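Read off the chains here:
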Amino acid sequence: MNRVTVCGLSRAKGEVLAALQDLGCLHLVPLREAGPLDAPDAATRRRAAAAWRHLDSAPRWQRPWPVGRDIDLDCVIEATLANKERLRKGRDRRDALTRRIADLKPFGDFELPPEAALRGRKLWFYVLPIKQRRALEKLELPWAIVGRGPTELRLAVISPDEPAPDLLPTPRIHTGSRALSALHRELETTEIEIEQAEAELAELTRNRLALGLRLAEAEDEDARRLAAQGTYDEPRFFALQGWAPTDAVDDIAALAHQRGLAVHVAAPGPDDDPPTLLKNPGHFQDIGALTRFYQTPAYRSWDPSLIVFVSFAIFFSMILADAGYAAVLAGLVWFFRGRIGRGASGRRLRLMLLAVLGTAFAYGVAAGSYFGMALPEGSLLSRIAFIDLSDFEVMMRASVMIGVLHICIANAEVAWRRWGTPDAMGRVGWIVVAVGGLVVWLGPTTVGVLAIVAGLAVVFVSNALVRPITKPTDWLFRLADGGLSLTRLSKLFGDVLSYMRLFALGLASASLAATFNGLARDLAGVTGVGVLLAILVLIFGHAANLALGILSGVVHGLRLNFIEFFGWGLSDEGYPFKAFARKERTS
């Protein structure tokens, strides 16, 4: 980043802001406190935004009208909001009719007699479980059983007024005064009206691009007005300031030369706090969202996005631990690819999801796990598999080794960035301690013990050297600083052990899958409905296990990155780079 200051004549302020917004590479820094910004017509803006959201949420989009076509957007907004209300009322009416039909269906298709025929009395209907039939003995109002079901009685109670809510153990059924056949006819009419409204909505989506451009243009105008409030103003000139990436400075200089502006570019000073802009290559340029989801690294820190993405894919794979589950998820991603996201960002999201699931599938193949089923001995898939999830000792060691490697990478990156400082030396010391502890755990050796002692000594000395010596008591404070730094040994121990959740959750997922398979196998041998029950156990059991695997894989896969890895690799938090750029797009 570079601090960029732009100065120009006051009469050209609006044009300069518009040009910088077109350039879209400057994170503005207010030079004075800006007041509240109100939209010129907030009510109209809200109605337009509501209309656009309704069009954007349509299940089907028609091809949009080309940019530049003459469209009366005010009429489009009114028609869209009217369509939204029409759909809402139609769907509410359909839901109410569906509930009324479900309540009335057990009583059959009948019409209530006129009120005069009942001499002011009315019929009130109830569905009473057979096991609560004794409640009828206490009923003082006239009643009759008008229908029966396998487990229930259908009652009609006669009363001029609505009975008390506690008349029977069950609430009364709101059948209404209309016959079942009439409700079915009204439901059919309502369904047709909803289909007509949905067809109208699909046609209205042709205006989505034009309406979105108007909203984006309005937001761009608001951004320019807000930026204008943050400039330094004199009677004849103005100045604005912001942060720009180094590769964008030439573009700003060219714009300044073209418009006769004065530009000053300076590298950030030691007291400056520039924003952080994460950039990643190609189709993986959005993986920085994983990092920003929890914390934006400080400007002088480093970008862990690629390591976080790769490690998350590995952790998720170890927790899911099944090639069949990974294949099902990949198939769902492909089937719902249109709903996951549209445009370039949607394609990148699908690619990242498929990369994670591809890693999970490869790990499942290596583990020989396909919906928890045992592979035939000597088959090709069994020969490929080389990971035994049931081998507690090997899987536990693998999990701990992954944890040590992950934490060592975090410390190594910080040491590389701060090489030549006491902190870098301390990070190297923690790497030596972690590796030494792993060696001792795998097989107690003198080398491992010596590595732990040497690493702790390096940590002690590096932290003690941070404090300058200005008086004799500073020597004591140095010893205290070094001693306090060694307390992170317990954190290192706990963080490494946290990675054992990879082994535990992966084993739990595989065990649950095998358990459901065993239950289904036992049920299949039962005569009668055994095969049906076995199929239900397989479907619902594996669906529940897959849901738990997804939840565990996402939560714990991210947790190991955000808590353990960031705890050693990222100490300072920054704020994201927000470009002063147009939101308006024509494609």
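Helix and strand counts for the chain come out as 19 helices and 9 strands. Classification of the 587 residues of the chain by burial places 37% in the buried group. Across the chain, contacts joining residues at least 24 apart in sequence account for 78% of those joining residues at least 6 apart. Total accessible area on the chain stands at roughly 33000 Å², and carbon and sulfur atoms take up 61% of it. Counting 66 positive and 61 negative side-chain charges, the chain places the averaged centre of each group 2 Å from the other.

What follows covers the pairing of strand S4 (residues 143-148). Taken together, the 5 bridges between S4 and strand S5 (residues 152-159) define a ladder with antiparallel strand orientation. Considered in S5, the bridge of Ile145 is made with Leu155. Linking S4 back to S5 in an antiparallel pair, the connection comprises 3 residues.

To continue, consider the side chain of Thr190. On the secondary structure map, Thr190 appears in helix H4 (residues 180-204). A polar contact is formed between the side chain of Thr190 and the side chain of Arg93, at a distance of 3.3 Å. Excluding residues within four positions of it along the chain, Thr190 makes contact with Gly90, Arg93, Arg94 and Leu97.

Attention now goes to helix H6 (residues 249-259). Turning to H6, its buried residues number three or more, namely Val249, Ile252, Leu255 and Ala256. Summarising the axial view, the buried residues of H6 lie within an arc of 125°, below the 170-degree limit, and thus occupy one face. The exposed set on the far side of H6, more than 90 degrees from its buried face, consists of Asp250, His257 and Gln258. On its buried face, H6 is in contact with strand S1 (2-9), helix H1 (13-23), strand S8 (237-244) and strand S9 (262-266). One or two steps after H6, the chain reaches Gly260, where phi turns positive at roughly 70°.

Below, the discussion takes up the pairing of strand S3 (residues 122-129). A regular strand places its side chains on the two faces of the sheet in alternate fashion. Note that S3 and S5 share 8 bridges and pair antiparallel. Paired with Lys122 across the strands is Ser159, a residue of S5. In terms of strand pairing, S3 meets strand S6 (residues 172-173) through 2 bridges, oriented antiparallel. The partner of Phe125 across the bridge, within S6, is Ile173.

Once that is clear, we can look at the nonpolar core. With 54 residues, the main nonpolar core has Phe316, Leu320, Leu389 and Leu492 as its most contacted residues. When residues in this core are grouped by element, the largest group, 9 residues, is from helix H8 (residues 305-320). Here Leu389 is in contact with Ala321, Tyr363, Ala367, Met395, Leu507 and Ala510, once residues within four sequence places are set aside. Residues Val6, Val16, Phe238 and Ala248 belong to the second largest nonpolar core, which totals 18 residues.

Right, let's talk about helix H3 (residues 73-104) for a bit. When the terminal C-alpha atoms of H3 are compared, their 46 Å separation across 32 residues agrees well with the 46 Å that a helix rising 1.5 Å per residue should span. Along H3, the residues classified as buried are Leu73, Val76, Ile77, Thr80, Leu81, Asn83, Leu87, Gly90, Leu97, Ile101 and Leu104. Of the surrounding elements, those touching the buried residues of H3 are helix H2 (42-56), H4 and helix H5 (208-229).

Bringing the packing of aromatic side chains into the picture now. Within the structure shown, the criterion is met by 14 aromatic pairs. Relative to Phe125, the ring of Phe110 lies with its centre 5.5 Å away and its plane at 45°, an arrangement referred to as tilted. Placement of Phe110 in the loop between H3 and S3 and of Phe125 in strand S3 is noted, with a sequence separation of 15 residues between them. Members of the aromatic cluster, connected to one another through ring pairs, are Phe293, Tyr294, Trp302, Phe562, Phe565 and Phe566. Its end group placed over the ring of Trp65, Arg206 keeps NZ or CZ at 5.7 Å from the ring centre. Here the guanidinium or amino end of Arg478 rests over the ring plane of Trp475, the centre of that ring lying 5.5 Å away.

Okay, the sheet that holds S6 next. Judged by pairing direction, the sheet is antiparallel, and its 4 strands sit side by side in the order S4-S5-S3-S6 without closing on themselves. Of all strands in the sheet, those bounded by a partner on one side alone are S4 and S6.

Parameters at a glance
Residues numbered from 1 in each chain as written. Predicted model: local features only at pLDDT ≥ 70, side-chain atom pairs only at ≥ 80, totals over all residues. Heavy atoms only, no water. Helix = DSSP H or I, 4+ residues; strand = E, 2+ residues; numbered from the N terminus. Buried < 20%, exposed > 50% of the residue type's maximum accessible area, 1.4 Å probe, protein only. Contact = heavy atoms within 4.5 Å. Areas by Shrake-Rupley, 256 points an atom, 1.4 Å probe, with all protein chains shown as cover. Lys, Arg positive; Asp, Glu negative; His and termini not counted. Charge placed at Lys NZ, Arg CZ, Asp CG, Glu CD. Pairing = 2+ DSSP bridges. Polar contact = N/O pair within 3.5 Å; in protein donor to acceptor, adjacent residues only side chain to side chain. Arc of directions from axis to C-beta. Core = buried A, V, L, I, M, F, W, Y, C linked by side-chain atoms within 4.5 Å. Expected span 1.5 Å × (residues − 1). Phe/Tyr/Trp six-rings, centres within 6.5 Å; stacked < 30°, edge-to-face > 60°. Lys NZ or Arg CZ within 6 Å of the ring centre and 35° of its normal.

Treat this as a map of the structure, not an account of what it does.
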